[in-house]
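An overview of the molecular structure
Below are the chains, spelled out letter by letter.
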Amino acid sequence: MEEYFIKAQNNYLCNTSYPLNKENWSKYKIEKYDLFEDEKNLNFYIHIPFCRKLCAFCEYIKYPKTNIEIEEKYVDILEKDINKFIETHANIKLHGLDVGGGTPTALEIKPFTHIMQICKALINKLELVEDFEPSIEGTFETIDDNKLKEIYNAGFKRISLGIQTMNLNILAKNNRQNLEIKDLIQKCNLIKKHGIKKINIDFMYGFEGQTLKDLDDAIALVKKMNVEQITLYEMRYNLISKQKKIDREFLFEQYEYIYNKLIDLGYYARFGQNTFSKDEKDLGLSSYLRSRMIDNISYKGFGISAQSKSKIGMSYNIGKSRKSINECMKYNSFIEEDLYLLPKEELLAKYIAISMYFGEFKISIMKEILGEEPLDYYKNEFQFLLKNDYILINQDKIILTKKGFKYYGAIGALFYSKNVKTYLLGCEN
């Protein structure tokens, strides 16, 4: 167990992503199947892949903006796919709806208005849970009065905007730039003027060359903006270049530094959690992320490369293999390119990998997936984690300790399936 744990903590593959590669699931791949035939409780995710600039640090599927005709066609296909899914799946109870990317707000106003109309129709038509809170991603330079009006009218009260870092050199190296501080604050005021109650700002840590002074600059901006929520993302060079080595000490130092600063500013979060909120009762998440990460509610993804997960399997839409935008749209539907019916061990590993963002997972959900008592099923793993003070058990919750958070990827790797563990042991670090 100790040898495997050390192997996992130094392997670039071990993080919140699962499976480690497509080949790990090749024997579970099937051609056609309705993963959601018997499910009512769902989340929806809509992927808009277009960006004005393609940031070098972004691991997601995205395409440079070209012309409005492609954007209009893309949204038309989305609408068709969404309507078809709703027509063939009765009695959906919607827990969350996120529109992400890419940069959804980078769309020209006509296709942007169209996607907001689609979302509004969904919200009005489907049964919603009590804490339903849709969210949309964007960038400061792509939001304006017209788009904010459409966002509010569609029912969105939360918007998530990326800043990532205030270091101009790091931004330039990554094909990114931000607005001036005064303009960022002006845009925040504009958002609130349009009735959008929650602003989440994304920051990143772990960039090469990033110093504590850079983090101080980010904190100074947070103080001036006084937004409701902050999300911290670890720079995962490993998903971009296999040549990069993981420096857990550096990553831990940077997270701990900015965590303490945010707590001092009045934000709430448990150590190891990547979301911070001014409201102690609010976890800093949209209801899509809340129910997906914490409660294992299934989610259906629409659009190029979108991922879907049900109680029995997963799928990835066309585009995950980085095909051209035209090739992805030629079917007039964003078809499922990879579809997997999964055994319980794989479903369990996926749930825990997703939960690592939040730094905790639930015994009851593990039991629901496994059909067995998880503390017995993973007896050796839990004994190892408890003995080394990597986790604590609080009623139904398995919570990463401060010591455990440094090695969150290796902790998640202890719950990989036997098949994937064998693969990992054979990998070079």
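Residues numbered from 1 in each chain as written. Predicted model: local features only at pLDDT ≥ 70, side-chain atom pairs only at ≥ 80, totals over all residues. Heavy atoms only, no water.

1. As for helix α14 (residues 379-387)
- Buried residues of α14: Glu381, Phe382, Phe384 and Leu385, and no others. Burial along α14 is one-sided: seen end-on, the buried residues are contained in an arc of 160°. Away from its buried face by more than 90 degrees, α14 exposes Asn380 and Lys387.
- Immediately downstream of α14, the backbone of Asp389 shows phi near 60°, a positive value. (Buried < 20%, exposed > 50% of the residue type's maximum accessible area, 1.4 Å probe, protein only. Helix = DSSP H or I, 4+ residues; strand = E, 2+ residues; numbered from the N terminus. Arc of directions from axis to C-beta.)

2. Points about the sheet that holds strand β16 (residues 360-362)
- Sheet architecture is open: three strands sit in the order β16-β18-β17, paired in antiparallel fashion. In the strand order of this sheet, the two ends are held by β16 and β17 (391-394), each with one partner. Between one strand and the next, the sheet's axes are offset by a mean angle of 20°, whatever the strand orientation.
- Two elements, β17 and strand β18 (residues 397-400), share four bridges in a ladder whose sense is antiparallel. Each residue of the ladder has a partner; that of Ile391, found in β18, is Leu400. (Pairing = 2+ DSSP bridges. Axes fitted to C-alpha atoms, helices over the stretch in contact; angles between N-to-C directions.)

3. Concerning the pattern of salt bridges
- Tallied over the entire structure, the rule returns 27 salt bridges.
- A salt bridge links Lys261 to Asp216, with the shortest nitrogen-to-oxygen separation between them at 3.8 Å. With Lys261 in helix α8 (residues 248-264) and Asp216 in helix α7 (residues 212-225), this pair connects stretches of sequence that are 45 residues apart. (Salt bridge = Lys/Arg side-chain N within 4 Å of Asp/Glu carboxyl O.)

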